[in-house]
Amino acid sequence: MRLSSYFLPVLKEVPKEAEIVSHRLMLRAGLIRQQAAGLYAWLPLGYKVLRKIQDIIEQEQARAGAIEMLMPTLQSADLWRESGRYDAYGKEMLRITDRHERDLLYGPTNEEVITDIFRTFVKSYKELPLNLYHIQWKFRDEIRPRFGTMRSREFLMKDAYSFDLGMEEARKSYYRMFVAYLRTYYRMGLTAIPMKAETGPIGGDLSHEFIVLADTGESGVFCHADLLDMPIPAANTDFNGDLTPIIDQWTSLYAATEDMIDMAEFEKTVPEPKRIAARGIEVGQVFYFGTKYTGPMGATVTGPDGQEAEVHCGSYGIGLTRLVPAIIEASHDDDGIVWPVSVAPFEVMLLNLKSGDAECDAACEDLYGKLKAAGLDVLYDDREGGAGAKFATADLIGVPYQLIAGPRGIKAGEVEIKNRKTGARDTMGFDAAIAFLKAAIEPERRDKV
Ligand code: ATP
Ligand code: MG
């Protein structure tokens, strides 16, 4: 992509309304624009990040056996009356009446719709286990939308729903999603820790929130420091096999949010130097809720004995539009965003320091072609303008590698590579630079881990 023909509305001023660093950087780097309270347009650079996040989620959901579909944003109120949640949900639900006076709502979540689809088509235990998911916009009329897309009213969520015959099968489905989540966040360059979460009247141990530690997080969290370097399950993990050892390893060390904290247990089980009491961002949640919806909505199947059997369910959410600020909170410096390669809007930014100069332009065209031919996702700053402004933009938007081509270097057949994260700089010939970038970037994509 050539920057001269791209749409990248960066802001020079730090917007006043933005309180936290990720919100400021998302506005300054031209990722989003607020259209109304808690409603955001995703500008091209931000949307590219969102799509990369979506790709990773889809790949890992597929690996764990979940099947993608798409349900509408608007839902019929009648389904929610059946489950008993229509009145209970309260003011966060956006209720709409159509021209025929029918009650609709903008879906804040999809348990009712998916249960309705399930009961329509699935009649036998032989069709289980089943895990269906979609990635769709949700609306919750948050009383205080804030921090940009961290807590917005309209937000993009991946929500999966598992259906199983009995609790023990449901536990296996839960474990599959748990492992998928560990891999998903890792691939985005994040350290997300599963923490015990509220199960409400359902009880049991099958509810975890995945939390990214950040000072600006809205939840207080308590956990064992070793959870920050736990091994991530490998790509070839057998999702049909026994995942219990992985789950046991991850849940054997204490981790809970402030809603669930048992201080005595925390202090008893975590030695003092290993105790982390910090703040965190909830980037996802996995939750077993049994027959909470299949019961009242009459979704049953025929069991192996020919009798009608209950269907046990779980739901599994990931906030895509919250992940973008969460990644920025975890990875930025004074100059701007520092994207992990796997979610970066571009992998390399080619800076032509003297656009308009015939020799520089020719060399940069050559480099641009070679970068693309090497399979790298490149943004070419071919605009005329000062080097200082180009460096500032490149640092602000946080592309992981900068390939800097200035007139003096080009005469000597050399370019400079800057690693955005470490600041390390290397000077080398054109072809060596392409090979260097390819070798550095490919493993950082984390698509083979
Ligand atoms: P929170 O406690 O932050 O309000 P929640 O527990 O109500 O979130 P869930 O129903 O568990 O949210 O939704 C799944 C995921 O969707 C959350 O883990 C979060 O990443 C994301 N999410 C929820 N609400 C919002 C929001 N208002 N803005 C952006 N993302 C959200
Ligand atoms: Mg939650």
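**Details of the pairing of strand β13 (residues 275-290)**
In terms of strand pairing, strand β10 (residues 207-213) meets β13 through seven bridges, oriented antiparallel. Bridge pairing in β13 places histidine 208 opposite valine 286. Both strand β11 (residues 219-224) and β13 contribute to a ladder of six bridges, which runs antiparallel. When the sheet's bridge partners are listed, cysteine 223 is paired in β13 with isoleucine 276. Pairing geometry for β13 and strand β16 (residues 312-319), over six bridges, is antiparallel. By the bridge assignment, valine 286 is partnered in β16 with tyrosine 316.

**Some words on the coordination of the magnesium ion (ligand 2)**
Taken together, Glu282 (OE) and Gln285 (OE1) make up the protein donors of the magnesium ion (ligand 2), found 2.1 to 2.3 Å from the metal. Accessibility expressed as a relative area gives 25% for glutamate 282, which makes it partly exposed.

**Observations concerning the environment of leucine 11**
The topology assignment puts leucine 11 in the segment before α1 (21-28). Residue leucine 11 is classed as partly exposed on the basis of its relative accessible area, which comes to 39%. Apart from residues no more than four positions distant in its own chain, leucine 11 is found in contact with Leu27 and Arg28.

**Focus on the sheet that holds strand β21 (residues 401-405)**
Reading across the sheet, the five strands line up as β20-β19-β21-β22-β23 and stay open at both edges, with mixed pairing between neighbours. With one partner strand each, in any of the chains shown, β20 (378-381) and β23 (425-429) form the two edges of the open sheet. When the angles between neighbouring strand axes are averaged without regard to direction, this sheet yields 20°. Sitting on the sheet, helix α10 (residues 358-373) is in contact with β19 (348-352), β20, β21 and β22 (414-419), with an inclination near 170° to β19. Contacts from helix α13 (residues 430-444) reach β19, β21, β22 and β23 within the one sheet, and its direction differs from that of β23 by about 130°.

**Details of the nonpolar core**
Counting residues in each nonpolar core, the largest one holds 85 residues, and the members touching the most others are Leu31, Ile53, Val324 and Trp339. Residues lining this core come from more than one domain, with at least three contributed by each of domain 1 (31-330) and domain 2 (337-444). For valine 324, the contacting residues outside a window of four places in its chain are Met26, Leu31, Trp42, Val49, Leu50, Ile53 and Trp339. Leu367, Tyr380, Met428 and Leu437 belong to the second largest nonpolar core, which has 26 residues in total.

**Thoughts on the pairing of strand β5 (residues 94-97)**
Each regular strand shows side chains that alternate between the opposite faces of the sheet. Two strands pair when backbone bridges link them, and β5 and strand β6 (residues 103-106) are joined in this way by four bridges, in the antiparallel orientation. The residue bridging leucine 94 from the neighbouring strand is tyrosine 106, located in β6. Hairpin connection, β5 to β6: the antiparallel pair is bridged by five residues, and glutamate 101 has positive phi, about 65°.

**Side note on the sheet that holds β5**
The sheet built from three strands is open, its strands ordered β4-β6-β5 with antiparallel pairing. Here the strands that pair on one side only, and so sit at the sheet edges, are β4 (74-76) and β5. Sheet twist, expressed as the mean angle between neighbouring strand axes with direction ignored, is 35°. Of the pairings in the sheet, the one linking β4 to β6 comprises three bridges and is antiparallel in character.

**So, helix α6 (residues 167-187)**
With 21 residues, α6 extends 30 Å between its outermost C-alpha atoms, agreeing within 8% with the 30 Å of an ideal straight helix rising 1.5 Å per residue. Burial within α6 is extensive, with 16 of its 21 residues counted as buried.

**What to know about the domain arrangement of the chain**
Each assigned domain of the chain is listed with its residue range as follows: domain 1 (31-330) and domain 2 (337-444). The centre of domain 1, based on its C-alpha atoms, is set 38 Å off from the matching centre of domain 2. On the side of domain 2, eleven residues touch domain 1, which itself brings 13 residues to the contact. Contact between domain 1 and domain 2 buries roughly 990 Å² in total, counting both sides, with carbon and sulfur atoms accounting for 73%. Considering only the side of domain 1, the residues that lose the most area to domain 2 are Leu45, Lys48 and Lys52, jointly responsible for 48% of the buried surface there. Our count for the contact surface shared by domain 1 and domain 2 stands at two salt bridges.

**A short note on the packing of aromatic side chains**
Evaluation of the coordinates by the stated rule reveals 15 aromatic pairs. Note on phenylalanine 222 and phenylalanine 266: the rings are 5.6 Å apart at their centroids and 75° apart in plane angle, and the pair reads as edge-to-face. In this pair, phenylalanine 222 is assigned in strand β11 and phenylalanine 266 in helix α8 (residues 263-269), connecting sequence segments 44 residues apart. Judged by relative accessible area, which is 14%, phenylalanine 222 ranks as buried. According to the relative accessible area criterion, phenylalanine 266 is buried, its value standing at 3%. Among the aromatic residues, ring-to-ring pairing joins Phe178, Tyr181, Tyr185 and Phe210 into one connected group. One cation-aromatic arrangement involves lysine 48 over phenylalanine 346; the distance from NZ or CZ to the ring centre is 4.0 Å. A cation over an aromatic ring shows up here: arginine 446 above the ring of tyrosine 186, its NZ or CZ 4.1 Å from the ring centre.

**Some words on helix α11 (residues 387-397)**
Every buried residue belonging to α11 is among Lys390, Thr393, Ala394, Asp395, Leu396 and Ile397, and all of these are buried. Just downstream of α11, glycine 398 is the residue with a positive phi angle, here 75°.

**Regarding the pattern of salt bridges**
For the coordinates displayed, the defined rule picks out 35 salt bridges. Note that arginine 187 and glutamate 60 form a salt bridge whose closest N and O atoms lie 2.7 Å from each other. Taken together, the positions of arginine 187 in helix α6 and glutamate 60 in helix α2 (residues 44-63) put the pair 127 residues apart, joining distant regions of the chain. In terms of burial, arginine 187 and glutamate 60 fall into one category: buried. Across the pair arginine 153 and aspartate 141 runs a salt bridge whose closest N-O atoms are separated by 2.9 Å. In this pair, arginine 153 is assigned in the loop between β7 (130-139) and β8 (154-164) and aspartate 141 in the loop between β7 and β8, connecting sequence segments twelve residues apart. With relative accessibility at 18%, the residue arginine 153 sits in the buried group. A residue is classified by how much of its surface remains accessible, and aspartate 141, at 27% relative accessible area, is partly exposed. Look at the salt bridges and you will find they share partners, linking Glu60, Arg63, Arg183 and Arg187 into a network.

Reading the values: rules and limits
- Residues numbered from 1 in each chain as written.
- Chains lettered and ligands numbered in written order.
- Predicted model: local features only at pLDDT ≥ 70, side-chain atom pairs only at ≥ 80, totals over all residues.
- Heavy atoms only, no water.
- Pairing = 2+ DSSP bridges.
- Helix = DSSP H or I, 4+ residues; strand = E, 2+ residues; numbered from the N terminus.
- Donors = N, O, S within 2.8 Å, 3.2 Å for Na, K, Ca; no water.
- Buried < 20%, exposed > 50% of the residue type's maximum accessible area, 1.4 Å probe, protein only.
- Contact = heavy atoms within 4.5 Å.
- Axes fitted to C-alpha atoms, helices over the stretch in contact; angles between N-to-C directions.
- Core = buried A, V, L, I, M, F, W, Y, C linked by side-chain atoms within 4.5 Å.
- Domains from an automatic or database assignment.
- Expected span 1.5 Å × (residues − 1).
- Buried area = accessible area lost by both parts, 1.4 Å probe.
- Salt bridge = Lys/Arg side-chain N within 4 Å of Asp/Glu carboxyl O.
- Phe/Tyr/Trp six-rings, centres within 6.5 Å; stacked < 30°, edge-to-face > 60°.
- Lys NZ or Arg CZ within 6 Å of the ring centre and 35° of its normal.

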